[in-house]
Amino acid sequence: MSDSPHGSIRSVGAILHDDQGRLLLVQRAHEPSAGLWTLPGGKVEAGETDEQALVRELREETSLDVTLRTHVGSVVRGRYDIHDYACKIIGGTLEPGDDAADARWVDAAELASLDAANQLTEALFVTLRDWGVLPRS
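Okay, so let's go over this structure. (Residues numbered from 1 in each chain as written. Predicted model: local features only at pLDDT ≥ 70, side-chain atom pairs only at ≥ 80, totals over all residues. Heavy atoms only, no water.)

**Considerations on the sheet that holds strand β2 (residues 23-28)**
So, point 1. As summarised here, the arrangement of the three strands in space is β3-β2-β7, forming an open sheet in which the pairing is antiparallel. Here the strands that pair on one side only, and so sit at the sheet edges, are β3 (37-38) and β7 (100-106).
So, point 2. Alignment of β2 against β7, held across six bridges, turns out to be antiparallel. Among the inter-strand pairings, Val-26 is bridged to a residue of β7, identified as Ala-103. (Pairing = 2+ DSSP bridges. Helix = DSSP H or I, 4+ residues; strand = E, 2+ residues; numbered from the N terminus.)

Here it is as structure tokens:
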């Protein structure tokens, strides 16, 4: 279901770490937050489950095929009710597409640098830290 009863837009995000412990981020190509780095994901379309939406969005934004593991947490950012899930890559090759201007794996130092330069979406660093899912150094 794409819209919640209180008028917010249900969205999903993927928390993906590679074998080196780096976190996958995408640079948003469009508003909201164009040019900023964030977790890959997007809006849940009518009739989709969170899992279906996340699989579709990851394929569109990163060319990766994923499966969901667990729900990590939820945040509300403006009109968006975002549900973030730990995911596992099962196929594909990382390549930005659709709403992503770029996509890359970042380690802890790179993520902190993006945060210090205000190049992450709102409160992303703090949220990931609080959830215990920051990338390794």
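**Notes on the side chain of Arg-28**
So, point 1. As for its placement among the helices and strands, Arg-28 is situated in strand β2.
So, point 2. Buried and without a salt bridge, Arg-28 has Glu-61 as its closest oppositely charged side chain, separated by 4.9 Å.
So, point 3. Separated by 2.6 Å, the side chain of Arg-28 and the backbone oxygen of Pro-32 make a polar contact.
So, point 4. What Arg-28 contacts, discounting residues up to four positions off in sequence, is Ser-33, Ala-34, Gly-35, Leu-36, Thr-38, Asp-99, Ala-101 and Thr-121. (Buried < 20%, exposed > 50% of the residue type's maximum accessible area, 1.4 Å probe, protein only. Lys, Arg positive; Asp, Glu negative; His and termini not counted. Salt bridge = Lys/Arg side-chain N within 4 Å of Asp/Glu carboxyl O. Polar contact = N/O pair within 3.5 Å; in protein donor to acceptor, adjacent residues only side chain to side chain. Contact = heavy atoms within 4.5 Å.)

**Thoughts on helix α3 (residues 124-131)**
So, point 1. Burial in α3 covers these residues: Leu-124, Phe-125, Thr-127 and Leu-128. All buried residues of α3 lie within an arc of 165 degrees about the axis, which places them on one face of the element.
So, point 2. Residue Gly-132 follows α3 closely and has a positive phi angle near 75 degrees. (Arc of directions from axis to C-beta.)

**Regarding the environment of Lys-43**
So, point 1. Assignment of secondary structure puts Lys-43 in strand β4 (residues 41-43).
So, point 2. Its relative accessible area of 34% is what places Lys-43 among the partly exposed residues.
So, point 3. When the C-alpha atoms of Lys-43 and Glu-95 are compared, they prove to be 20 Å apart, with 52 residues separating the residues in sequence.

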